[in-house]
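Fold and geometry: a report
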Amino acid sequence: MSKLSPEALEKFSGLQEQIWENATNAVAQVSESPISFSFQPPEVVPPEMARVLAGELALTVQFAFASAPEHNQFLVIPSSEFASLASYIKGEQIAEPDENLIPELREFLEGMVQGICLACGIAKNEPMVATGLSIRYQILSLPDNFGRNDELVKTEIAFGSGEPIGSLSWFIDKPTAEYIAGSEAEDEQTAQNAAQGFANAAALAASNQMHEEVGGLSLLMDVPLEISVELGRMSMLVRDVVELGTGSIVEIDKAAGEPVDVMVNGRLVARGEVVVIEDNFGVRITEIVANQDRLGRIGEAA
């Protein structure tokens, strides 16, 4: 398999300032906690370097460009850095982070992904959108495409607000780096497939924009969405789970009387209180996520 050329790596490195400036701006628009990013020059690393992280507990943000969903990208925030980030955003000391913190960091993390897509789209002069976004706090496992490449590109990013807060690693595979950099892959078929895929995404985005101008959100009104209500969360050790039985009480992270979260396709859109309607449970909506954000979330979920 061909190697990433020095020219492609140089071009990709030259885009980092634009990428993380856009990420800073995107985070500022969705988060009340201002955070800026700085970066180390990207480097080509063997997949073994990423595999070293496998088996470690970390906050991971996995996504791909919609035109090439098989080329997953990874943002990896180690557990200690996750704790520092959560402490800053919540304004209180978090010693032991868990997955229950993810909803409070989701807008920040999605803002980073949005900034990456926006900057790459500007560099390519075509719309770039993310697909397959997954945010997890778990034992790290690597996406399949990392194993199919003998080279990965790793960028170390520090984030802070006046004072350093933490750092993360951004891993992408060789074809993604080549496409972002605008270089031609030596494997012509791979290059043609990637170009066609990204062109299809650009056409889809342009079509979506046209439909929005003509019909707005009404064009999506018949799209089915899954609505769920989340009462609360908690984490347990395997040995505690297997000991659960009839009559066991599981304490969740919300106090009695606190509003429950109303999720659409896994995205928070409202909060409410549990009510009983005849013999059925229901939720009375008491708080709606900001209208613009809510429509954006529903559109993404669709």
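Residues numbered from 1 in each chain as written. Predicted model: local features only at pLDDT ≥ 70, side-chain atom pairs only at ≥ 80, totals over all residues. Heavy atoms only, no water.

1. A short note on the packing of helix H4 (residues 79–90) against helix H5 (residues 102–124)
- For the pair H4 and H5, interaxial distance at closest approach is 10 Å and the crossing angle is 95°. As the angle between them shows, H4 and H5 are arranged roughly perpendicular. Across the interface between the two elements, Phe82, Leu85, Ala86, Ile89 and Lys90 from H4 touch Glu104, Leu105 and Phe108 from H5.
- Considering only residue class, the contact of H4 with H5 consists of six nonpolar, no polar and two charged. (Axes fitted to C-alpha atoms, helices over the stretch in contact; angles between N-to-C directions. Helix = DSSP H or I, 4+ residues; strand = E, 2+ residues; numbered from the N terminus. Parallel < 35°, antiparallel > 145°, perpendicular 65-115°, else oblique. Contact = heavy atoms within 4.5 Å. Nonpolar A, V, L, I, M, F, W, Y, C, P; charged D, E, K, R; others polar.)

2. Observations regarding the sheet that holds strand S8 (residues 227–230)
- Reading across the sheet, the four strands line up as S8-S9-S10-S11 and stay open at both edges, with antiparallel pairing between neighbours. The sheet is open, and its two edges are formed by S8 and strand S11 (280–288), each paired on a single side. Ignoring strand direction, the axes of neighbouring strands in this sheet form an average angle of 40°.
- With five bridges joining them, strand S9 (residues 260–264) and strand S10 (residues 267–277) adopt antiparallel strand pairing. Across the sheet, the residue bridging to methionine 263 is leucine 268, located in S10. (Pairing = 2+ DSSP bridges.)

3. So, the side chain of serine 87
- Locating serine 87 in the fold gives a position in helix H4.
- Ignoring anything within four residues of it in the chain, the contact list for serine 87 reads Glu92, Gln93 and Ile94.

4. Concerning the pattern of salt bridges
- In the structure shown here, the tally under the stated rule is nine salt bridges.
- The salt bridge partner of lysine 3 is aspartate 150, with a shortest N-O separation of 3.8 Å. A residue pair is termed long-range when its members are at least 10 positions apart, and lysine 3 in the segment before helix H1 (6–14) and aspartate 150 in the loop between helix H6 (144–147) and strand S6 (152–161) qualify at 147 residues.
- Note that arginine 271 and glutamate 287 form a salt bridge whose closest N and O atoms lie 3.2 Å from each other. One end of the pair, arginine 271, is in strand S10; the other, glutamate 287, is in strand S11, and 16 residues separate them in sequence.
- Judged by its relative accessible area of 39%, glutamate 287 falls in the partly exposed class. (Salt bridge = Lys/Arg side-chain N within 4 Å of Asp/Glu carboxyl O. Buried < 20%, exposed > 50% of the residue type's maximum accessible area, 1.4 Å probe, protein only.)

5. Observations concerning the layout of surface pockets
- Taken as a whole, the second largest pocket spans an internal volume of roughly 980 Å³.
- Every residue lining the second largest pocket is counted, 35 residues in all, and those nearest its centre are Pro103, Glu104, Leu105, Leu268 and Arg271.
- Those elements giving two or more residues to the lining of the second largest pocket turn out to be H4, H5, S9, S10 and helix H10 (291–301).
- With six residues, H5 is the largest single contributor of residues to the lining of the second largest pocket.
- In terms of residue class, the lining of the second largest pocket is made up of 13 nonpolar, five polar and 17 charged. (1 Å grid on protein atoms, 1.4 Å probe; cavity = no way out; pocket = protein on both sides within 12 Å on 5 of 7 lines; lining within 4 Å. Points joined across faces, edges and corners; volume = space filled by probe spheres on them.)

6. Digging into the packing of aromatic side chains
- As enumerated under the stated definition, the model contains seven aromatic pairs in all.
- Ring pairing ties together the aromatic residues Phe12, Trp20, Phe37, Phe108, Phe159 and Trp170, which thus form one cluster.
- In this structure, lysine 124 packs its charged tip against the face of tyrosine 179, placed 4.1 Å from the ring centre. (Phe/Tyr/Trp six-rings, centres within 6.5 Å; stacked < 30°, edge-to-face > 60°. Lys NZ or Arg CZ within 6 Å of the ring centre and 35° of its normal.)

7. A look at the nonpolar core
- Counting 46 residues, the largest nonpolar core has Trp20, Phe37 and Leu75 as the members making the most contacts within it.
- In this structure, phenylalanine 37 is in contact with Trp20, Ala23, Thr24, Val27, Phe108, Met112, Ile157, Ala158 and Phe159, ignoring residues within four places of it in sequence.
- The next biggest cluster of nonpolar side chains, apart from the first, holds eight residues, and it includes Ala58, Phe74, Phe146 and Leu152. (Core = buried A, V, L, I, M, F, W, Y, C linked by side-chain atoms within 4.5 Å.)

8. Structural notes on a nonpolar patch on the surface
- Among the surface-exposed residues, Leu231, Val274, Val276 and Phe281 lie close enough to one another that they form a single nonpolar patch of about 460 Å² accessible area.
- Its location among the elements puts valine 274 in strand S10. (Patch = residues over 30% accessible without salt bridge, like charges linked within 9 Å, V, L, I, M, F, W, Y side chains within 5 Å. Areas by Shrake-Rupley, 256 points an atom, 1.4 Å probe, with all protein chains shown as cover.)

9. What about the side chain of threonine 60?
- Structurally, threonine 60 can be placed in strand S3 (residues 57–65).
- When neighbours within four sequence positions are excluded, threonine 60 is seen to be in contact with Phe74, Leu75, Ser134, Ile135, Arg136, Gln138 and Leu140.

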